[in-house]
Amino acid sequence: MIGPFLPEELDASNQTHAAGDKLPLNEQRILKGHEGPVLAVRFNRTGAYCFSCGKDRNVVLWNPHNGVRVKTYAGHGYEVRDVAVARDNSVFASCGGDKQLFLWDVSSARVIRKFKGHDNTINAVTYAAEDDVLVTAGYDQCIKVWDCKSRSLDPIQTMKMFEDSVTGVVAHSSEIVGCSVDGTLRRFDIRMGRVYIDSLHHPVTSLAISHDGMCILAACLDSTLRLLDKSSGELLASYTGHLHQAVKMDCTLTPSDAHVVGASETGEVMYWDLVEAAVVHRFKAHSGVVCSLDMHPEGGGPADELGGRHSQSLDKLISGKSISNLLHGSADLVSGEDYLGLLKGT
């Protein structure tokens with residue numbers, strides 16, 4: 001396991017690449033608020049606000065453009081590992097070590113509902129079907145689907161086909177894709193009732209779907225990001241040059257799908273050209289592992305990168321990276337940093 005550290009400030013130059021993406025490179029601010037390691041950071045759908053969550057069992061709502069801590073949501077009994085925000089920004093969901101899925105009212109900070117059904121830690125959560133349902137991935141080797149409109153607290157569907165902990169899940173159209181420590185990507189076509197399996201032969205810690213819905217990006221524990229054709233499972237490209245061997249870390253793509261974004265256990269954030277698979281830029285974001293990152297939904301403007309790390313009894317931080325202040329400082333990248341061990345299911 002890798003212990004937590006404080007982030008290091010970075011002074012990097014602005015950089016715009018040929019494809020038109022403005023890649024966030026410069027630190028804008030450090031946000032203080034968590035009382036422990038930050039495990040995930042997520043923008044809302046407009047990019048005006050972001051949420052962070054962590055080992056202190058809290059979810060925090062931030063305005064990343066002025067650094068204001070808007071509200072804190074307390075209620076979980078264990079660490080909070082992921083957050084998903086509804087399109088209308090009225091509610092959000094959180095999950096973690098207490099095996100429960102919490103649905104919150106944003107304005108009142110009240111828990112609307114607690115869904116129960118997982119037998120172990122919930123690693124990830126996402127919205128699907130126009131935000132009518134929530135999808136979770138758990139350490140109990142399954143994906144569960146929850147109806148937000150129903151009064152029932154039980155899952156409406158369970159997909160228990162994995163052989164180890166399910167570390168990530170995404171939803172696109174009528175499909176749900178999960179990744180697992182068992183080294184597979186499993187794509188569930190809900191409409192057709194079919195399952196497609198792609199074996200990557202290495203534990204997968206996170207995944208992302210390209211904005212055109214045609215490709216899947218997977219972060220594997222052999223220090224490789226792999227891009228696959230979603231329909232055929234063909235390996236399109238591999239991205240290397242970073243260290244990823246022991247910790248759960250996020251991966252994503254820029255809004256134009258021109259660049260792949262990932263992190264390293266050495267504390268770096270890295271950008272690869274999607275087609276050439278070459279590293280176009282890398283910078284030291286933190287002194288420890290950057291385990292979570294998220295791109296602004298619109299992109300093409302200034303960038304905020306939010307990360308957090310806790311070092312023993314020192315300050316609890318979320319650090320930011322940004323380029324020029326444009327369009328009211330709208331952010332492009334959110335990155336969260338901290339310790340998160342990846343263990344095989346038992």
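Keep in mind that what you see is a predicted model, and the values were worked out from it rather than measured.

Trainee: Quick question: what am I supposed to make of the overall build of the protein here?
Mentor: Helix and strand content of the protein: zero helices and 31 strands. The buried share among the 346 residues of the protein stands at 60%. Intrachain contacts of the protein at a sequence separation of at least 6 include 50% that bridge at least 24 residues. About 13600 Å² of surface is accessible on the protein, with carbon and sulfur atoms providing 47% of the total.

Trainee: Which parts of the structure should I look at to understand the sheet that holds strand β25 (residues 259-263)?
Mentor: Where strands meet in a sheet, backbone hydrogen bonds hold them as pairs that are either parallel or antiparallel. Ordered in space as β24-β25-β26-β27, the four strands form an open sheet in which the pairing is antiparallel. Since the sheet does not close on itself, it has two edges, and those belong to β24 (252-253) and β27 (279-284), each with one partner. Two elements, β25 and strand β26 (residues 268-273), share five bridges in a ladder whose sense is antiparallel. Its bridge partner lying in β26, V261 is registered against Y271.

Trainee: Explain the packing of aromatic side chains here, please?
Mentor: Geometry of an aromatic ring pair is reported as the spacing of the ring centres plus the angle between the planes. Throughout the structure, instances matching the rule amount to 10 aromatic pairs. Taken together, the ring pairs connect F51, Y73, F92, F102 and W104 into an aromatic cluster. The ring centre of F162 lies 5.3 Å from the NZ or CZ of R186, which sits over that ring. The ring centre of Y196 lies 4.3 Å from the NZ or CZ of R187, which sits over that ring.

Trainee: What is the right way to look at the pairing of strand β17 (residues 175-180) in this model?
Mentor: Walk down a regular strand and you will see the side chains alternate between the two sheet faces. Counting buried positions over the six residues of β17 gives six, a clear majority of the element. Both faces of β17 are covered, namely the face carrying E175, V177 and C179 and the face carrying I176, G178 and S180. Where strand β16 (residues 166-172) meets β17, six bridges bridge the pair, whose relative direction is antiparallel. Bridge assignment links V169 to a residue of β17, and that residue is G178. Connecting the antiparallel pair β16 and β17 is a turn made up of two residues, with S173 showing a positive phi of about 55°. With five bridges joining them, β17 and strand β18 (residues 184-189) adopt antiparallel strand pairing. Residue pairing across strands places G178 opposite R186, the latter belonging to β18. Where β17 folds back on β18, the antiparallel hairpin that results is connected by three residues, among which G183 adopts a positive phi of roughly 85°.

Trainee: Help me understand the pattern of salt bridges, please; the structure alone is not making it clear to me.
Mentor: A side chain of one charge can pair with a side chain of the opposite charge if their charged atoms are brought near each other. Within the structure shown, the criterion is met by 11 salt bridges. Between R226 and D222 there is a salt bridge, and its shortest N-O distance comes to 2.7 Å. Judged by relative accessible area, which is 12%, R226 ranks as buried. It is possible to trace a salt-bridge network through shared partners that takes in R42, D82 and D250.

Trainee: Whenever I open this one, the sheet that holds β17 confuses me. Can you help?
Mentor: Taken in spatial order, the four strands make up an open sheet running β16-β17-β18-β19, and their pairing is antiparallel. Sheet topology places β16 and β19 (194-199) at the edges, where each strand pairs with a single neighbour. The sheet shows a mean angle of 15° between the axes of neighbouring strands, taken without regard to direction. With six bridges joining them, β18 and β19 adopt antiparallel strand pairing. The residue bridging F188 from the neighbouring strand is V195, located in β19.

Trainee: Looking at this structure, I do not really get unusual backbone geometry. What am I missing?
Mentor: With the exception of glycine, the majority of residues adopt a negative phi angle, and the majority of peptide bonds are in the trans configuration. The backbone of K99 shows a phi angle near 65°, a positive value even though the residue is not glycine. Among the residues examined, K99 registers a relative accessible area of 38% and is labelled partly exposed.

Trainee: What is the right way to read the confidence of the model for the protein from this model?
Mentor: Detailed reading of the predicted model is not advised wherever pLDDT is low. Averaged over all residues, the pLDDT of the protein equals 81, while 80% of them reach at least 70. The model gives residues 1-19 a pLDDT under 50, and that stretch makes 67 contacts with residues more than four places away or in other chains. Within the model, the stretch residues 300-332 combines pLDDT values under 50 with 160 contacts to residues more than four positions away or in other chains.

The rules we used
- Residues numbered from 1 in each chain as written.
- Predicted model: local features only at pLDDT ≥ 70, side-chain atom pairs only at ≥ 80, totals over all residues.
- Heavy atoms only, no water.
- Helix = DSSP H or I, 4+ residues; strand = E, 2+ residues; numbered from the N terminus.
- Buried < 20%, exposed > 50% of the residue type's maximum accessible area, 1.4 Å probe, protein only.
- Contact = heavy atoms within 4.5 Å.
- Areas by Shrake-Rupley, 256 points an atom, 1.4 Å probe, with all protein chains shown as cover.
- Pairing = 2+ DSSP bridges.
- Phe/Tyr/Trp six-rings, centres within 6.5 Å; stacked < 30°, edge-to-face > 60°.
- Lys NZ or Arg CZ within 6 Å of the ring centre and 35° of its normal.
- Salt bridge = Lys/Arg side-chain N within 4 Å of Asp/Glu carboxyl O.
- Axes fitted to C-alpha atoms, helices over the stretch in contact; angles between N-to-C directions.
- pLDDT = per-residue confidence, 0-100.

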